[in-house]
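Summary of the model geometry
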4 protein chains.
Amino acid sequence: MVDLAPISSRLAEQRIELPSWAFGNSGTRFKVFAQPGVPRDPFEKISDAAQVHKHTGLAPTVALHIPWDKVDSYDDLAKHAEDNGVALGTVNSNTFQDDDYKLGSVTHRDDRIRQKAIDHHFACIDVMNQTGSRDLKIWLADGTNYPGQDDMRGRQDRLHDSLSKIYERIGENQRLVLEYKFFEPAFYHTDVPDWGTSYAQVSALGERAVVCLDTGHHAPGTNIEFIVMQLLRLGKLGSFDFNSRFYADDDLIVGAADPFQLFRILVEVVRGGGYGDDGDTAFMLDQCHNIEDKIPGQIRSVLNVQEMTARALLVDTAALATAQAAGDVLSANGILMDAFYTDVRPALAEWRAARGLPEDPMAAYAASGYGASIVADRVGGNQAGWGA
Amino acid sequence: MVDLAPISSRLAEQRIELPSWAFGNSGTRFKVFAQPGVPRDPFEKISDAAQVHKHTGLAPTVALHIPWDKVDSYDDLAKHAEDNGVALGTVNSNTFQDDDYKLGSVTHRDDRIRQKAIDHHFACIDVMNQTGSRDLKIWLADGTNYPGQDDMRGRQDRLHDSLSKIYERIGENQRLVLEYKFFEPAFYHTDVPDWGTSYAQVSALGERAVVCLDTGHHAPGTNIEFIVMQLLRLGKLGSFDFNSRFYADDDLIVGAADPFQLFRILVEVVRGGGYGDDGDTAFMLDQCHNIEDKIPGQIRSVLNVQEMTARALLVDTAALATAQAAGDVLSANGILMDAFYTDVRPALAEWRAARGLPEDPMAAYAASGYGASIVADRVGGNQAGWGA
Amino acid sequence: MVDLAPISSRLAEQRIELPSWAFGNSGTRFKVFAQPGVPRDPFEKISDAAQVHKHTGLAPTVALHIPWDKVDSYDDLAKHAEDNGVALGTVNSNTFQDDDYKLGSVTHRDDRIRQKAIDHHFACIDVMNQTGSRDLKIWLADGTNYPGQDDMRGRQDRLHDSLSKIYERIGENQRLVLEYKFFEPAFYHTDVPDWGTSYAQVSALGERAVVCLDTGHHAPGTNIEFIVMQLLRLGKLGSFDFNSRFYADDDLIVGAADPFQLFRILVEVVRGGGYGDDGDTAFMLDQCHNIEDKIPGQIRSVLNVQEMTARALLVDTAALATAQAAGDVLSANGILMDAFYTDVRPALAEWRAARGLPEDPMAAYAASGYGASIVADRVGGNQAGWGA
Amino acid sequence: MVDLAPISSRLAEQRIELPSWAFGNSGTRFKVFAQPGVPRDPFEKISDAAQVHKHTGLAPTVALHIPWDKVDSYDDLAKHAEDNGVALGTVNSNTFQDDDYKLGSVTHRDDRIRQKAIDHHFACIDVMNQTGSRDLKIWLADGTNYPGQDDMRGRQDRLHDSLSKIYERIGENQRLVLEYKFFEPAFYHTDVPDWGTSYAQVSALGERAVVCLDTGHHAPGTNIEFIVMQLLRLGKLGSFDFNSRFYADDDLIVGAADPFQLFRILVEVVRGGGYGDDGDTAFMLDQCHNIEDKIPGQIRSVLNVQEMTARALLVDTAALATAQAAGDVLSANGILMDAFYTDVRPALAEWRAARGLPEDPMAAYAASGYGASIVADRVGGNQAGWGA
């Protein structure tokens, strides 16, 4: 069994934020399959998220999505979170579900609609001020479906203008985090399609504006860890949205589609100072559990990140540097692969046990009876989903 | 202006089937933007589809989707179509919106669910027998999201078994048309992902089982016209679902994303005997008009197909054969490009006028007032969409 | 340490064929970087290949490429192989380096050139008859660079005609193995671009014609293990060309780019009866070591295949079937991942030691001094490469 | 016939630079098919390039590639160009064909090799000073083939350091133009893989450092015109390398694979102030004519750019702006498509004739006898290619 002692304290630095919406129903354009026991309100979402932290110790905060998680009292919500052993985290804005946003939000040609979208972000900042959240995460569905539909340059300029107004409003200890996405829901062009655009836009704002990298938002064949390296080098990697994909933005469990890619990403995070107490790069999940159970799906996900982080921390960097310096291609690659192929799971089980956590969080959750209890208890009401 | 006389009668052979669902609301997993005036029932969909044919003469039939287009009396629906100058066409089955189909339909492990999916196809055949439809088109959402979720081989064998039972039920003058799709809504594997699988499956059934090629259902970089050529060569190209795409299955207006690709596809259709009276390859549209007007969107689409067909028919095949035989790469390519770059629109306007059709169908429809009338008239009720 | 006893005998069934050309120089269109010690003739290639088998016990045969490996006496070559503990295997034809083949070989319009290409395959069969080879592997560079350059349908028909003539010539115990490739070196269309085409072509020939699946020859996002499953189901998976890729046909060390994909492929091979003594699917490498050392590169490659095969054989198929039958998505996926994450390397080292093989073949080769000796000895002469 | 009068003077602003290497032999890693009549030295390449300008009036300058176009006297070469009616243009460096550069050039860990690569650029600047060239174009083959092979971050830092030294050396009226490329010849990572990296690197240098966009250097599905828009907006679009592709970096004739994409790119160039006298964005070709005739291939290419530029200039921008402002998706798209589908070729023939140029440059060149004369005259010597 591999010895985790040298990396034990580093492992303890890991904090992964869960998305509240992962506990609601989700699906594809073809069908949303509802699941029994799904939360009916933000409080129940927090309760479910707290289960993940309870069994793993990895997920101390929960991200909110406004308006999906709008409540009358954010103090009550924060208190509920605290009572359940977690805290509220990043606030995510939503400008893609109002009829006004059919052709755009912060990039819209119509001043009224653009201001409405800006105002929505102001409202999100108000929530942040109540919840004590650091990050305002902005993912935009803005884009066009047909060439000629709109003027891409004008939209880019309006994007800058809108973001400037939002940026002025955030506090000294808050950050504006701009996510990019290659395509979807727009088909022809996306207003923030790549890291270069997000980087150019946030650089024009200031120090507290940074980039969010969602691992599912790239063209086929993109070397994502290169972007991780570059954004860390440029001081602009604000956060990750972790998930995995085979084809498009599948939003599958992180590490499920290409575990070796996740490993390479984490190696670059560690190497570039983005991990744990080293830096300010937030780890978040952004996934959909369309057909699998949601709470165990999130437990599996944070464990995947933890296991792969352990492997990344185990890389023999001294030997690697020596092989690289010698131009020894096979040895350098071999040193990396050795860490990847190391089975860290038994040692991590011990590491967890030493911290009063269950050795097998999946089994512990299954044995807890929580899943059955919410199915029994949550009868009636409207299940949460992307629409509410 | 190019002389269309040599291809005039061939142009008259063109028949493009419209999908009833193109007139209902559609969208992405993020949002369906409803449009005013959208049909509330299959009769209204037929009325809208008839507008396309009225102004273009290109779209004499309308495909149905069961259960979305379920009615009490298909005789009444057929009569309504006839009254509006069109007829009912292909029947499309739907096995992706019942909760039972979460993990599969005709490939499901559970005999009950599999039989339910087969029975649904039997019901579709009953509809066909009432509407006089030739084709039963089967697109399956079956697949898995995670490696290991199910045994792909077992699913393939059950697929064969289910299709065999459905095939036995179709009439002597009917066809089973099996569509393939690279991905979506399943993320890890699709049970009929490529033309090879569809071809192998329909070949195992018999002569009246053929393949449907949807132009949006391929991996990036796929040479679709090669597949058209190959399926025509093998005698198995049953039908097209036309649309266009930039990234995934965007379902945009046919010809909107890569008009040259549409041209190359039609060149192969003509060359391989799949066009018009030459063969049995059906032309259908399968598109979504998420943000643009639906009836003009369909008019634009059939015109795009017609214009590109005209260009394909104009290829100087004798000169092309000579250049190809001489190994003259630039000349051969130049002959093809010459047809593509020919502006056929003015001549087609004349061709239409000579047949009592409007020179400019888009303008004619806009001037007709139909669009405004349905917005005014269709108040109340539930708009049609993918869910109903 | 995982217990390999239950799969020990199955591991012993593994045989991976090496390509002679992997030991010669190779590169990109930009530059071939020559390496010291590279073989000057087929005998030296065999000697190098034998080193791989000596240290791993996994690679008992070597594939030849004609004309690169043309020798005066194949008896002498076979004797040389035997003396070095290996044997000659598959014969690969080459119809892409003669000026006559600029616009095609077996698909060429010119009868003379087409016959020349057919004759080359006859010559390959003659070699097979001398070497006792079972398989004639045909990879074709045939295709076009520009739309219209040639008639794809005519080429497909000539392909069938040429293959028929070649097929008639092979012996009762020989096989014609047709490889497909998505693109390169042709840019617009490839005459055998996908498994469907290869399958349709070999099916038209007869039972002894089968498909070769090169793991680097697919569109981005293709589910390769699905194709493995399908070809095994259809009884047509003749052989693998293993390698790995990030973008195009990179021909990197197998398992280097996406080890989890290699695992999934091997799971389907085992499940479908294509592994070891179960079936007739040949395992071959087809790789280029452009910048890394060639012999250790091949050793690393066969070990990667062995390690991943061990993981595939370790899948708890009974538990997997139970979870699949229950529709338990997370558990089924978890059972598969458990095998993947198992570190089989220490147990495989013991397994090797028990068979008189070095525990660490990479280290054993490095310690052997063979690498230094060929650098010292192979001075003068022309190094082997793709051109000779 | 469309009236070109309104855009006649703008068409006259078009200048497209030809690559000297397009006239030498080129091919794939599998084979370079030599063509008769190919130049043996830089003087003959210039002579061939001049033929393109003679018949089209579009290509007044020729780019050099060092060391491929190294000559004893650049004055003589410039004089030769002038005598043939053209001038020397951009100087391209080459750091991918020396054995020292196997693992990198300006990013190499070894100070000696890195300095050698920097010195090569200094030598290129010396050439520029003799030829009066404005642009030093840098495309780097630097990258790695395997994860772990080298430290990407260190390479990025060394890249910055090397470029800084080169940038210091260029003159006040010269520019450093940094090209990016998604992949090839490196497989795992490329040191300048995307516009974001090139933009970040040149921004760190200064005003005279800009980006080169090669139309073939992107991931599948990338919206290239968006990048054109963004780089023009950021003031960093230095130049284009035009060509076309179906899959990878195919280097086919510009406009051959996706003419509509070329149109959209040119629309954004015109809209963003990058066309002709409006700005400083250089148009260059970077293509390979592997199987087609080279001089006619270049003539075809510049005509394709001219024809598509004419279409882009014909877009009814006022009507487009109105439709966009109204949110009329179909009309806005229709206005763009109307320009694309306009057949500008007859009017361009007249436009050329009015300027003393042949109406049909392809035919004029064919009739000139130049092609036959170089085949007859250029006997003996070594044909130029990528190696020399």
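Every residue gets a number counted from 1 within its own chain, in the order that chain's sequence is written. Throughout, the order in which chains and ligands are written sets their labels, letters from A for the former and numbers from 1 for the latter. Totals for whole chains, interfaces and linings use all residues, but because this is a predicted model, local features are given only for residues with pLDDT of at least 70 and pairs of side-chain atoms are given and counted only at 80 or more. Side-chain metrics in this entry use all non-hydrogen atoms of the structure; hydrogen atoms and water are not considered.

An unreviewed UniProt entry lists chain A under the name L-rhamnose isomerase, with Pseudolysinimonas kribbensis as the source organism.

Considering the pattern of salt bridges
Salt bridge, as applied in this entry: a Lys or Arg side-chain nitrogen positioned within 4 Å of an Asp or Glu carboxyl oxygen. Following the criterion strictly, the structure yields 142 salt bridges over all chains and no others. The shortest N-O distance in the salt bridge between Lys181(B) and Glu184(B) comes to 2.7 Å. Relative accessibility thresholds used throughout: buried, under 20% of the residue-type maximum; exposed, over 50%; partly exposed, between the two (1.4 Å probe, protein chains only). Its relative accessible area of 2% is what places Lys181(B) among the buried residues. With a shortest N-O distance of 2.8 Å, Arg175(C) and Asp135(C) are connected by a salt bridge. Pair noted here: Arg175(C) is in strand E6 (residues 175-179) and Asp135(C) is in strand E4 (residues 135-138), with a separation of 40 residues, a long-range link. Residues participating in the shared-partner salt-bridge network are Arg29(A), Lys181(B), Glu184(B), Asp249(B) and Asp251(B). Only runs of H or I of at least four residues qualify as helices and only runs of E of at least two qualify as strands under DSSP, and these elements are numbered from the N terminus.

Things to note about the packing of aromatic side chains
A pair of Phe, Tyr and Trp rings is counted when the ring centres sit within 6.5 Å of each other, with Trp represented by its six-membered ring. The angle between the planes then sorts it: under 30 degrees is stacked, over 60 is edge-to-face, the rest tilted. This structure, assessed with the given rule, holds 86 aromatic pairs over all chains. Ring centres of Phe182(A) and Phe183(A) lie 6.4 Å apart, and the angle between their planes is 85°; this geometry places the pair in the edge-to-face category. Taken as a pair, Phe182(A) and Phe183(A) share a single burial class, namely buried. An aromatic cluster is defined as three or more aromatic residues linked by ring pairs; in this entry it consists of Phe260(A), Phe263(A), Phe340(A), Tyr341(A), Phe260(C), Phe263(C), Phe340(C) and Tyr341(C). In this scheme, Lys NZ or Arg CZ marks a charge over a ring once it lies within 6 Å of the ring centre and within 35 degrees of the ring normal. The cationic tip of Arg169(C) hangs over the ring face of Phe122(C); the distance from NZ or CZ to the ring centre is 3.6 Å.

Quick word on the interface of chain B and chain C
Contact with chain B, which involves 52 residues of that partner, is made by 53 residues of chain C. For the pair chain B and chain C, the summed buried surface comes to about 4,100 Å²; carbon and sulfur atoms form 60% of the total. For the pair chain B and chain C, the number of links is four salt bridges. Notably, a salt bridge pairs Asp157(C) with Arg233(B), separated by 2.7 Å at the nearest N-O pair. Polar contacts, as used here, are pairs of N or O atoms within 3.5 Å; protein pairs need one atom able to donate a hydrogen and one able to accept it. Residues neighboring in sequence count only if both atoms are side-chain atoms. One can count 20 residue pairs in polar contact (both at pLDDT 80 or more) joining chain B with chain C. Sorting the residues of the side of chain B that touches chain C by element identifies helix H5 (152-169), strand E7 (189-190), helix H6 (195-203), helix H7 (224-233), helix H8 (259-271), helix H10 (317-325) and helix H11 (329-341) of chain B as the ones contributing at least two each. Broken down by class, the residue content of the side of chain B that touches chain C amounts to 22 nonpolar, 18 polar and 12 charged. In what follows, residue pairs with any heavy atoms lying within 4.5 Å of each other are defined as contacts. What gets called buried area is simply the loss in accessible area from a 1.4 Å probe that two parts show on being joined, summed for both. Just so you know the grouping, Ala, Val, Leu, Ile, Met, Phe, Trp, Tyr, Cys and Pro go in nonpolar, Asp, Glu, Lys and Arg go in charged, and all remaining residues, Gly too, go in polar.

Topic: the side chain of Asp286(D)
Residue and element names in this part refer to chain D. Positionally, Asp 286 belongs in the loop between strand E10 (282-285) and helix H9 (294-314). One buried charged residue, Asp 286, forms no salt bridge at all, with the nearest opposite charge on Lys 137 at 5.0 Å. At 2.9 Å, the side chain of Asp 286 forms a polar contact with the side chain of Trp 21. The charge count includes Lys and Arg as positive and Asp and Glu as negative, but it does not include His or the ends of the chains.

So, the interface of chain D and chain A
Where the parts come together, the accessible area they lose is often given as the size of the interface. Taken together, the contact between chain D and chain A spans 52 residues of the former and 52 residues of the latter. When the two sides are added together, the surface that chain D and chain A hide from each other amounts to roughly 4,100 Å², 60% of it contributed by carbon and sulfur. At the junction of chain D with chain A, the criterion picks out four salt bridges. Where chain D touches chain A, the interface holds 20 residue pairs in polar contact (both at pLDDT 80 or more).

Section: the relation of the copies chain B and chain C
We superpose the copies by least squares over the C-alpha atoms of residues that have a pLDDT of at least 70 in both of them. For the pair chain B and chain C, the superposition axis carries a translation of 0.0 Å, the fit reaches an RMSD of 0.0 Å, and the rotation angle comes to 180°. In symmetry terms, the pair is related by a two-fold rotation axis. Within chain B, the C-alpha atom positioned nearest to the axis of rotation is that of Gly196(B), 2.1 Å from it. Of the interface residues in chain B, 100% have counterparts in chain C that sit at the interface too, so the contact is made through matching surfaces.

Side note on the packing of H9(D) against helix H13 (residues 361-368) of chain D
All names here are of chain D. Angular values range over 0 to 180 degrees, each being the angle between N-to-C directions of two axes fitted as lines to C-alpha atoms, with helices fitted over their stretch in contact. Orientation of H9 relative to H13, taken along the N-to-C sense of each, is 160°, at an axis distance of 10 Å. Relative to H13, the element H9 lies roughly antiparallel. Where H9 crosses over H13, the two elements pack in a sense that is right-handed. Together, Ile 295, Pro 296, Ile 299, Arg 300 and Leu 303 of H9 and Pro 361, Met 362 and Tyr 365 of H13 make up the contact between the two elements. Its residues assigned to classes, the contact of H9 with H13 comprises seven nonpolar, no polar and one charged. Here roughly perpendicular refers to angles of 65 to 115 degrees, roughly parallel to angles under 35, roughly antiparallel to angles over 145, and oblique to all remaining angles. Whether a crossing is left-handed or right-handed is set by the direction in which the near helix is turned from the far one by less than a right angle, anticlockwise for left-handed and clockwise for right-handed.

Notes on the sheet that holds strand E4 (residues 135-138) of chain A
Residues and elements named next belong to chain A. For two strands to be treated as a pair, DSSP must find at least two bridges joining them. Taken together, the eight strands give a closed barrel; going around it, the order is E1-E2-E3-E4-E6-E8-E9-E10, and neighbouring strands pair in parallel fashion. If you compare each strand with its neighbour and ignore which way they point, the axes differ by 30° on average. The sheet contact formed by strand E3 (residues 87-92) and E4 spans two bridges and is parallel. For Val 91, the partnering residue across the bridge sits in E4 and is Leu 136. Where helix H8 (residues 259-271) meets the sheet, it contacts strand E9 (237-242) and strand E10 (282-285), and its direction lies at approximately 160° from that of E9.

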